[in-house]
Amino acid sequence: MRARMADIAKQAQVSEATVSRVINDRPGVSAETRQAVLTALDVLGYERPERLRKRSAGLVGLVVPELENPIFPAFAQAVESSLAQHGYTPVLCTQSPGGVTEDEYVEMLLDRQVSGIVFISSLAADTTSDRSRYQRLLDRPLPIVLVNSFAKELEAPFVSCDDRVAGELGVTHLVALGHRRIGMISGPNRFITTQRKLEGYRTALKRELNIPDAEVDELVSLTLFGVEGGEVAAERLLSRGATGIICASDMMALGAIRAARRRGLRVPEDVSVIGFDDSTLIPFTDPPLTTLRQPVASMAVAAVRSLIDEINGHGAPKSEYLFHPELVVRNSTAIAPSRAALPVA
């Protein structure tokens, strides 16, 4: 046993006394050091003591809808970094068309005895989905936190970007540049994030330009999330004379720029485009994209802090933490063109 403890101490870069305290589940060891010793046990092939197995697993499920949109890897990395500071390791579960579903991933995570689960843009964001799947987790009880997925019937911590504010900020910026035909591209209306962005968009248009509801309806184009969806939706808005377009994601905004260029329009000289998210590569697009930045790091820290409080039995407030987006102005928005100056599509 002495030789094994020396090996473990060397692997974890701690003293043998520290290894002894961890193995015997004694106090006086930080979460990070405890996790390092447990990881060393795993790496060297030693079986963890029975009393530590459930607690020492230190696993937290992290469920994201995809990794193609750069905002989701950004969230995953920020959550992982914050979890590591508390001594937990994320089990990343990524969905893909025709692949493992969210419910199947949850069953796998339960089998691994995870300490909790962070859901990012989960099925809870779909107002037509069965939210009872999350209630069953809460009833176990298993600590969960939902990011950008609010459901008022669930007594759980929620962390969201304020989509209403995002919709308003986009409109206010374009109105200040002289735009009057301002379109909105977003995903299907069954998603709470879409509903909130549209609410902010409509409120701002009414306040700033007093545009009738019927005219606003013509300037809303709902589609599938992604570049292709943004391109199709932008085609409809450009044909209706939109000179400014607010998009529910940066990927949609890139699709809108592609649609404008196919019509021979220049961005931003002829059409201004605003995205949403501000993931890593967006400042380097052509043109660099004006966007509404989600405060990913702050949201990740809040989500993890709430989860850790739940795991430790402190009981995080069962409410929604709303984080304000930031308008980041780059080169895809400009002063509105005169209608006469627009090239014929």
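What counts, and at which threshold
Residues numbered from 1 in each chain as written. Predicted model: local features only at pLDDT ≥ 70, side-chain atom pairs only at ≥ 80, totals over all residues. Heavy atoms only, no water. Helix = DSSP H or I, 4+ residues; strand = E, 2+ residues; numbered from the N terminus. Domains from an automatic or database assignment. Salt bridge = Lys/Arg side-chain N within 4 Å of Asp/Glu carboxyl O. Buried < 20%, exposed > 50% of the residue type's maximum accessible area, 1.4 Å probe, protein only. Pairing = 2+ DSSP bridges. Axes fitted to C-alpha atoms, helices over the stretch in contact; angles between N-to-C directions. Contact = heavy atoms within 4.5 Å. Right-handed = clockwise from strand over helix to strand, strands pointing away. Parallel < 35°, antiparallel > 145°, perpendicular 65-115°, else oblique. Nonpolar A, V, L, I, M, F, W, Y, C, P; charged D, E, K, R; others polar. Polar contact = N/O pair within 3.5 Å; in protein donor to acceptor, adjacent residues only side chain to side chain. Left-handed = near helix turned anticlockwise from the far one by under 90°.

## Considering unusual backbone geometry
- The peptide bond linking Arg140 to Pro141 adopts the cis configuration, its omega dihedral lying at 0°.
- Structurally, Pro141 is set in the loop between helix 7 (132-139) and strand 4 (144-147).
- The omega angle of the peptide bond from Asp286 to Pro287 is -5°, so this bond is cis rather than trans.
- Checked against the element boundaries, Pro287 lands in the loop between strand 9 (272-277) and strand 10 (290-293).
- In this structure, Ser121 takes a positive phi of about 45° despite not being glycine.
- Structurally, the position occupied by Ser121 is in the loop between strand 3 (116-120) and helix 7.

## Things to note about the domain arrangement of the protein chain
- According to the domain assignment, the protein chain contains domain 1 (5-52), domain 2 (58-160 + 295-323) and domain 3 (163-294).
- Taking only C-alpha atoms, the centre of domain 1 and the centre of domain 3 are 53 Å apart.

## Description of the pattern of salt bridges
- According to the stated counting rule, one finds 20 salt bridges in the structure shown.
- With its nearest N and O atoms 2.9 Å apart, the salt bridge here joins Asp126 to Arg190. Here Arg190 lies in the loop between strand 6 (182-186) and helix 9 (192-209) and Asp126 lies in the loop between strand 3 and helix 7, a separation of 64 residues in the sequence.
- Under the relative-accessibility criterion, Arg190 is labelled partly exposed at 37%.
- For Asp278, the salt bridge identified is with Arg330, shortest N-O distance 3.0 Å.

## Describing the sheet that holds strand 8 (residues 244-247)
- Within the open sheet, the six strands sit side by side as 7-6-8-9-10-12. Their pairing is mixed. Edge positions in the sheet fall to strand 7 (220-222) and strand 12 (326-328), since each has one partner strand and no second. Direction aside, neighbouring strands of the sheet carry axes that sit 20° apart on average.
- Where strand 6 and strand 8 come together, four bridges link them in parallel fashion. Bridged to Gly183 within strand 8 is Ile245.
- Across the sheet, helix 12 (residues 250-262) touches strand 6, strand 8, strand 9 and strand 10, and the angle it forms with strand 9 is around 160°.

## Quick word on the pairing of strand 9
- Within strand 9, six of the six residues are buried, which leaves it mostly tucked inside the rest of the structure.
- Covered by surrounding structure in strand 9 are Ser272, Ile274 and Phe276 together with Val273, Gly275 and Asp277, the residues of both alternating faces.
- The pairing of strand 8 with strand 9 spans three bridges and is parallel. Within strand 9, the position partnered with Ile245 by the bridge is Val273.
- Handedness of the crossover joining strand 8 and strand 9 through helix 12 is recorded here as right-handed.
- Both strand 9 and strand 10 contribute to a ladder of four bridges, which runs parallel. The residue bridging Asp277 from the neighbouring strand is Arg293, located in strand 10.

## A few points about the packing of helix 2 (residues 16-23) against helix 3 (residues 31-43)
- Relative to each other, helix 2 and helix 3 sit at 90°, their axes nearing to 10 Å. Taken together, the axes of helix 2 and helix 3 are roughly perpendicular relative to one another. Residues Thr18, Val19 and Val22 of helix 2 lie in contact with helix 3, whose contacting residues are Thr33, Arg34, Val37 and Leu38.
- Taken together, the residues of the contact of helix 2 with helix 3 sort by class into four nonpolar, two polar and one charged.

## A closer look at the environment of Leu110
- With respect to the helices and strands, the residue Leu110 is situated in helix 6 (residues 102-111).
- Considered as a pair, Leu110 and Ala214 are 104 residues apart in the sequence and their alpha carbons are 49 Å apart.
- Dropping the residues within four chain positions of it, Leu110 is found in contact with Leu137, Arg140 and Leu142.

## A word on the environment of His324
- In this fold, His324 is placed in the loop between strand 11 (320-323) and strand 12.
- Sequence separation between His324 and Arg164 is 160 residues, and the spatial gap between their C-alpha atoms is 9.4 Å.
- If sequence neighbours within four positions are ignored, His324 has contacts with Asp162, Val165 and Pro295.

## Some points on the side chain of Ser272
- Inspection of the secondary structure puts Ser272 in strand 9.
- Here the side chain of Ser272 touches His179 through a polar contact of 3.2 Å, side chain to side chain.
- Within the structure, the side chain of Ser272 is placed 2.9 Å from the backbone nitrogen of Ala334, a separation counted as a polar contact.

## Quick look at the packing of helix 8 (residues 163-176) against helix 9
- Between helix 8 and helix 9, the shortest axis-to-axis distance is 6 Å and the interhelical angle comes to 35°. Crossing of helix 8 against helix 9: the hand is right-handed. Seen from helix 8, the contacting residues are Asp163, Arg164, Gly167, Glu168, Val171, Thr172 and Val175; seen from helix 9, they are Thr193, Arg196, Lys197, Glu199, Gly200, Tyr201, Thr203, Ala204, Leu205, Arg207, Glu208 and Leu209.
- Tallied by class, the residues present in the contact of helix 8 with helix 9 amount to six nonpolar, five polar and eight charged.

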